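Commentary on secondary and tertiary structure
If you want the building blocks of each chain, they are given just below.
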Amino acid sequence: MTSTSQTQDSSEILVSSASLFQVRGVTKTYVMGEVTVEALRSVDLDLYEGEFVVLLGPSGSGKSTLLNILGGLDVPSSGQVIFQRQDLTTANDRTLTRFRRQSVGFVFQFYNLIPSLTARENVALVTDIAPQPMHPREALERVQLGNRINHFPAQLSGGEQQRVAIARAIAKRPQVLLCDEPTGALDFQTGKLVLEALAQVNQDLGTTTAVITHNAGIAAMADRVITMRSGEIVTVQQNETKVSPGELEW
Amino acid sequence: MSVLDQKLMRDLLHLRGQVIAISLIVACGIACLVTMLSAYDSLQLSQQTYYDRYRFADVFVQLKRAPDSLAARIAEIPGVQRVQTRVVVDVNLDVPELKEPATGRLISIPEQQMPMLNDLFIRKGQYIELGRRKQVLVSEVFAQANQLKIGNTLDAVINERWQQLQIVGVALSPEYVYEIRGTELFPDNQRFGVIWMGREALGTAFDLDGAFNDVALSLMPGANQADVIFRLDQLLKPYGGLGAYERADQISHQFINSEIESLAATAVMVPTVFLGIAAFLLNLVLARLVSTQRDQIAVLKAFGYDNLTVGLHYLKLVLVITLVGAGLGTVVGIWLGAVITENYARFYHFPVLQYRAGIQIIVTAIGVSGGAAVLGTFTAVKQAVSLPPAEAMRPEPPAIFRRTILERMGIQQFVPPVGQIILRNLERRSLQAGLAILGIAAAVAILVIGRYFEDATNYMVEAQFRQVQREDMTLVFNEPLPSRARYELTHLPGVMQAEPFRAVPARLRFQHQTRLSGLTGLDPQGELRRLLNQDLRPVSLPDTGVVLTSKLAEILGVTVGDPLTVEVLEGERPTRTVPVVGLVDELIGLGAYMDIHALNQLMREGQTLSGAYLTVDAYHLDQLYAQLKQTPAVASVALRERVITEFQKTIGGSFAIFTTVLVIFASVIAFGVVYNVARIALSERSRELATLRIIGFTQGEIAAILLGEQAIVTIVAIPCGFALGFGLAALITRAYDWELFRFPLIVTPASYAFAFIVITLAALGSGWLIRRQLNHLDLIAVLKTRE
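Residues numbered from 1 in each chain as written. Chains lettered and ligands numbered in written order. Predicted model: local features only at pLDDT ≥ 70, side-chain atom pairs only at ≥ 80, totals over all residues. Heavy atoms only, no water.

Right, let's talk about empty space enclosed by the protein for a bit. Residue and element names in this part refer to chain B. Here the structure, examined in full by the defined rule, presents six cavities of 30 Å³ or more. Roughly 150 Å³ of internal volume is contained in the largest cavity. What lines the largest cavity is a set of 13 residues, and nearest its centre among them are R429, Q432, V677, E709 and Q710. Listing elements by their share of the lining of the largest cavity, those giving two or more residues are α13 (417–428), α14 (430–468), α19 (640–694) and α20 (699–735). Top contributing element to the lining of the largest cavity by residue count: α19, with four residues. (1 Å grid on protein atoms, 1.4 Å probe; cavity = no way out; pocket = protein on both sides within 12 Å on 5 of 7 lines; lining within 4 Å. Points joined across faces, edges and corners; volume = space filled by probe spheres on them. Helix = DSSP H or I, 4+ residues; strand = E, 2+ residues; numbered from the N terminus.)

Opposite the 32 residues of chain B that make contact, chain A presents 31 residues. Each partner contributes to the roughly 2900 Å² buried at the junction of chain B and chain A, and carbon and sulfur atoms together form 61% of this total. Summed over the shared surface of chain B and chain A, the result is three salt bridges. Among the ionic pairs, R424(B) bridges to E121(A), the shortest N-O distance being 2.3 Å. Elements represented by at least two residues in the side of chain B that touches chain A include exactly α13, α19, α20 and α22 (779–784) of chain B. Considered class by class, the residues forming the side of chain B that touches chain A number 15 nonpolar, seven polar and ten charged. (Contact = heavy atoms within 4.5 Å. Buried area = accessible area lost by both parts, 1.4 Å probe. Salt bridge = Lys/Arg side-chain N within 4 Å of Asp/Glu carboxyl O. Nonpolar A, V, L, I, M, F, W, Y, C, P; charged D, E, K, R; others polar.)

Let's shift gears to the sheet that holds strand β11 (residues 245–246) of chain B. Residue and element names in this part refer to chain B. The antiparallel open sheet is built from four strands, whose spatial order is β2-β10-β1-β11. Strand pairing shows two members of the sheet lacking a second neighbour, β2 (80–86) and β11, which therefore form its edges. As judged from the six bridges shared by β2 and strand β10 (residues 211–219), these two strands associate in the antiparallel manner. Pairing of Q84 across the sheet is with A216, part of β10. Strand contacts of helix α6 (residues 225–236): β1 (59–67), β2, β10 and β11, with the helix running at about 15° to β1, the strand carrying the most contacts. (Pairing = 2+ DSSP bridges. Axes fitted to C-alpha atoms, helices over the stretch in contact; angles between N-to-C directions.)

We now examine the nonpolar core. If you look at the biggest cluster of nonpolar residues, it comprises 184 residues, and the most contacted ones within it are F21(A), F274(B), L286(B), Y314(B), Y348(B), F741(B) and F743(B). Per element, the largest residue contribution to this core is 25 residues, and it comes from α19(B). Other than its neighbours up to four places away in sequence, F21(A) contacts L45(A), D46(A), L47(A), L70(A), V81(A), I82(A), F83(A), L88(A), F99(A) and V176(A). Among the nonpolar cores identified, the runner-up in size contains 38 residues, and F52(A), M134(A), V164(A) and L248(A) belong to it. (Core = buried A, V, L, I, M, F, W, Y, C linked by side-chain atoms within 4.5 Å. Buried < 20%, exposed > 50% of the residue type's maximum accessible area, 1.4 Å probe, protein only.)

The next subject is a nonpolar patch on the surface. All names here are of chain B. On the surface, I20, L24, L328, V332 and W335 cluster together into a nonpolar patch covering about 470 Å² of accessible area. Broken down by secondary-structure element, the contributors of at least two residues to the nonpolar patch are α2 (16–53) and α9 (307–344). When residues of the nonpolar patch are assigned to their parent elements, the largest contribution, three residues, is made by α9. As for its position among the elements, I20 is in helix α2. (Patch = residues over 30% accessible without salt bridge, like charges linked within 9 Å, V, L, I, M, F, W, Y side chains within 5 Å. Areas by Shrake-Rupley, 256 points an atom, 1.4 Å probe, with all protein chains shown as cover.)

All right, on to the confidence of the model for chain A then. Across chain A, the average pLDDT comes to 87, with 93% of residues at 70 or higher. Contacts for the low-pLDDT stretch residues 1–16 of chain A, under 50 throughout, to residues beyond four places or in other chains number twelve contacts. (pLDDT = per-residue confidence, 0-100.)

On to the pairing of strand β17 (residues 575–584) of chain B. Residues and elements named next belong to chain B. Sheet topology places strand β15 (residues 546–549) next to β17; four bridges connect them, and they run parallel. Looking at β17, one finds that V547 is bridged to G582. Two strands pair when backbone bridges link them, and strand β16 (residues 563–568) and β17 are joined in this way by five bridges, in the antiparallel orientation. Counterpart to T565 in the pairing with β17 is T577. Between the antiparallel neighbours β16 and β17 lie six residues, among them G571 with a positive phi of about 60°.

This part covers unusual backbone geometry. Residues and elements named next belong to chain B. Positive phi values are uncommon outside glycine, yet Q511 reaches one of about 50°. Inspection of the secondary structure puts Q511 in the loop between β13 (495–510) and β14 (513–522). Not every positive phi belongs to a glycine, and L536 is a case in point at roughly 60°. For L536, the position within the fold is in the loop between β14 and β15.

So, on to the domain arrangement of chain B. As a measure of interface size, the accessible area lost when the parts come together is often cited. Residues and elements named next belong to chain B. The domains assigned to chain B are domain 1 (8–56 + 276–353 + 363–388), domain 2 (60–247), domain 3 (417–469 + 640–787) and domain 4 (495–616). Centre-to-centre separation of domain 2 and domain 3, based on C-alpha positions: 52 Å. Counting residues at the interface gives seven residues for domain 2, matched by nine residues for domain 3. At the boundary of domain 2 with domain 3, total buried surface from both sides reaches about 690 Å², with 71% on carbon and sulfur atoms. Along the contact surface separating domain 2 from domain 3 lie one salt bridge. At the junction of domain 2 and domain 3, the tally comes to zero residue pairs in polar contact (both at pLDDT 80 or more). Among the residues forming the side of domain 2 that touches domain 3, the class breakdown is three nonpolar, one polar and three charged. (Domains from an automatic or database assignment. Polar contact = N/O pair within 3.5 Å; in protein donor to acceptor, adjacent residues only side chain to side chain.)

Right, dumping it as structure tokens:
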């Protein structure tokens, strides 16, 4: 396996930081009609507390499938996913819902805000059901939207909507923040603003953050860059120095 | 099949839940339409054919006695086409196997069969034979009710003697399509029957040899009916004429006509509600379909399909749904129409009650449903047609929301975000929500109405036969008797209480309005026959003046204090002016009441009674019946309890069918509306709901958001439906404000509860189906797609 040497490298980090996710031998096959698609082929991966990871890869490389499995939206065909000693592979729907409710924050490409709720209410939606949330206003201030809290999604720009989505994701103080192409629908400048918000949250709250993208330019802001192709991890690269989002170019 | 048609089939398949729900609502509407129209057609056609073929008369009059020679003078009245003079007498009958005495209406027929007015249709047996004085024909319903067969005999009190009558035939007459004595609402075919007897035998028995006491006339086309009636009354005055009346006032005709008219009204009203709801739902579904298929429409247009083709494609979808419903509805309607027409045969007796569902009814059904569908979906189709290809390619702009009224009122802090979602969605789509509320309210109203008929009739029976009338038995004498007869009555076996009454036929007049009516003298201290107001509180009967039923007062245009001219049509026929001193709110018939002593004075007679109300010890009932059968002075005996039982037997059964059908229809509407509205909400908001699932909401929590909206709509709709139902009941009360009877505006709490339960179950059922679909929400697709 090409990733063997990298895995040894990353095991050194284990010493300094605890592993949040342990992914072992995970495969995922979909049967679509008469065709069987292998979306993931025996993936091994650890995500550590507080790190910022970028998952790079072309479309169809399996990065979204992996993210869905990490987020408890999907279960692997084989292998094991352990989140803080809890086996997600054998969890039922109720347990997965609780896992998402308490531990995971999601940011989607198309924001997925509730159009009938204001920015504050979209955040409150989550804070109402989380055990120890931050105040919705605080969450929105963290993404520099303290002055837009009573706006409806239709009154916000795309970048603002995405930042509301980030505020909504972090307001529950999740252990992990999973972002699927968060800048995919945004222009360069706005995309950078959103990435800055993500970096800020990661730095301030220490939330483990995994960002999926096919935009290699973003990789420079990560602690680690995981590259996938055809359902496999091909490289795991440790960035010696992180670049701030403001300096990114693509 | 073109590719577009294939798309149509697949769209239909995909939308099958909604397609079925809407088709069923269309089917209900069309079933109602076809049922009512075909029953209307059948009843009207049967009536018309029967009347024409058997020469139903145009004018009727009863009198005391006139010589046969007068017939020629009647015939000379301008406009009279044909005159039929007859002898008609009510007699006491002893029917084998029947304990109670029955009343037979003996009607004379020519000794030899010849065409006559109100001609007989002989169902079984034969016409009477010349010179056989005992031979009679009996009405079919009376024969059926008492299991009388050709060759059986009946005993009747004729000329104060028991005579045996021999049944030679079973017949029907257009005069007795609805066979009742004339004073009741519901037929009691066991205890009242029409018997046709030879003119000579009947005439001699009742001292009417060479004379008559009943006339029926037919008029020439274009004759002045009012003039004929006036002249006839003048002519018959010296012979004790009781006032001529037109066909419209003939009791049997009045009943059938009321029925036919109400069928026509219902045939318009009920299907309108159903088709209106179907049109609304079609619009909802099609608008949603067009919005989800924006890109497809764009592609079609980009490839060169013209607007007409695109428009027709969506219109076809609507028409397929509608025509499936219309087809199903027509089949059900034809079947139900036959059932209802058959049910009518229990009350209305025609030689043939032919059920007919003509092609024009089917064409009407298809036309009406198609029209409603096209009208309902016009805007949605137009939207599809007018979408420019480029714009259609772009996703729909995000929905715009505003703060709700609640928030502007500053009470939003009490509403959690989930509640805000529900409220803002309702407010943003307030028109849709309003129409959904209206639809469910209509379903509730239909249920309320279905039960209202039963409530109103039960109340009517309760008020009339338990509150107003409290006697066990009403006796009517052949001739008025002096007051000592009352004491003789109390000596009959089992009679505990006897209250006399005096009834005289009279013409009541106020200014230009006149009305033939009975004038009844009651014992003001009486307990068995009471005069009650609307709240069923007793109205006292002053010792002078007349008390009228409100309906009669309305017809005459009188109010309390007005002078009423009373022209008595019996005895010395005095004409007096009597003040109206009070009104009573009886629900059945028209009535005018006086203190019996005042009436005796008005008649210039001593204390006289026409009959009496009795209470009877049930233990001696059989003995009393036997005795009454032997009493020639008694013309008829009416038993209150029998009336109630007959009512429950016949009318009660019809209501059961009626209510069942309405419950099914209303449930279909409620289910269809809730299901469609929720299903569309699910389709519009699956992304939103899936997002909520991803961020940690449970199935139950998102179901609460989606179904919470439907629950609010349903909860708001139910009281609206109660109000709508009550309003419709009030309208029906107006429509059923007939001389024969008037529907009280009574809806019992049980009926509201019933409507509530049915609608709640229908709403829960559709909620459950939607809840199941929520379980199949694709969470991952949401991450990737833009709506």
